[in-house]
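Chain by chain, the residues run as shown.
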Amino acid sequence: EDETGCCIRKDLNACWQSAQDGCTSSFAEWKSGKVCGLGKDGCQVAAYNNDTLWEGAYSTWPNCPISSEYRDTGISTEEEFAHLKCEVSARPCCIGLQGECVIISQEECEFRQGFFHENNTLCSQVSCITSICGLSGFLFDNTPDQFYRALLPTFMHTGIIHVLITLVFQATILRDMEKFAGWWRIGFIYMASGIGGTMLSGILIPYQPEVGASGALYGILASLIVEVVVNWKIYKSPVMELGKLLLLVIFLFLVGLLPWIDNFAHIGGFLFGFLTAFVVLPHINFSEEDRIAKLVVQIACGVLAVVLFGLSSSYSTLLRPLPARTAVTSTAFPFTDSFCQDSTMELRPRLGN
């Protein structure tokens, strides 16, 4: 950004901030070290009249844009102040899921469905990630700390068919499990699985939108398997019951290889559902040794679930997410050369804001 300058049309009807090679018009002139519409001589705030505030990197300059009235009457017509006299025609626009900031016109920004900042001049003056994410904003600037988003996707769906699939599952399998184990146990498994699936998906494919309760539903499927395992002796044919559940889970994971179906959320939900089900589901103890063995498994699963939750929730602040292209092609299997074409996004590392 500090290598940019103000590209000024010779009639002063338009100017925009750009690199030198972005100002190639024969009707425009590039001013090095100048910011369009921003400078000490154009600032009417007395607190910003200190020369030291306008030295160094552009990102440290005060955000004190010149008013249109003062630009027309209070600025000298000398060429030195041309960057303050011209009409700024392009300003920061936040576009894309990564919150990329580009200096473009308001019309182009609206066409690209971005967030236009009409009161700012430089990308360093805006927080694109805040504009893109919305909702309650961030506790710390440019730090994605909206932790409640780990739970929100569980209650959001893409359409009526998506909602109906969830409701049918809840009215059949989930209802029977609630009768068996109680609402608070199944509710805990459901929420933990939904959060776990969302967090794993956010780590592995951080720039792909995520909605739906599939992680929570896979967690309930995992609890069915746990219920068979811990109460093995009371089933007439436990191997058959377990086999039917495993075949169903394998089939659903294979369906998750289709484009725009997030298998990472399924895997994360299944894993957290499996661990938390061991901790909270009721079971029958057939002997003292059986009771001790199940208690050890409960403690181990509880500790592992807490550790995985802690690692997952802090991952974004400690490590960088996996490359998006690698993760997308991992969840949607490319059966043909063009099979996953629509589910792949061209992403670049986000620079600055």
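Details of the structure are given in the entry above.
The following refers to the structure shown. Predicted, not measured: the structure shown is a model, and the values here were computed from it.

**Points about the sheet that holds strand β2 (residues 15–18)**
- Across the sheet, which stays open at both edges, the three strands sit in the order β2-β1-β3 with antiparallel pairing between neighbours. Each edge of the open sheet carries a strand with a single partner, namely β2 and β3 (28–32). Adjacent strand axes in the sheet meet at a mean angle of 25° when their direction is disregarded.
- Looking at chain direction, strand β1 (residues 5–9) and β3 are connected through five bridges and run antiparallel. Opposite R9, over in β3, you have A28 as the bridge partner.

**Topic: the environment of E87**
- Summarising the element assignment, E87 is placed in the loop between α2 (82–85) and β4 (91–95).
- Looking at E87, the relative accessible area reads 37%, which means it is partly exposed.

**Let's talk about the state of the cysteines**
- Tallied over the entire structure, the rule returns six disulfides.
- Put simply, C6 and C36 are joined by a disulfide, and their sulfur atoms are 2.0 Å apart. Looking along the S-S bond of the C6-C36 disulfide, the torsion reads about 115°, which is the right-handed sense. One end of the pair, C6, is in strand β1; the other, C36, is in the loop between β3 and α1 (68–73), with 30 residues separating them in the sequence.

**Quick word on the sheet that holds strand β5 (residues 100–104)**
- In spatial order, the strands read β5-β4-β6; together these three strands make up an open sheet with antiparallel pairing. Looking at the sheet topology across the chains shown, the edges are occupied by β5 and β6 (115–116).

The rules behind each value
- Residues numbered from 1 in each chain as written.
- Predicted model: local features only at pLDDT ≥ 70, side-chain atom pairs only at ≥ 80, totals over all residues.
- Heavy atoms only, no water.
- Pairing = 2+ DSSP bridges.
- Helix = DSSP H or I, 4+ residues; strand = E, 2+ residues; numbered from the N terminus.
- Axes fitted to C-alpha atoms, helices over the stretch in contact; angles between N-to-C directions.
- Buried < 20%, exposed > 50% of the residue type's maximum accessible area, 1.4 Å probe, protein only.
- Disulfide = S-S within 2.5 Å.

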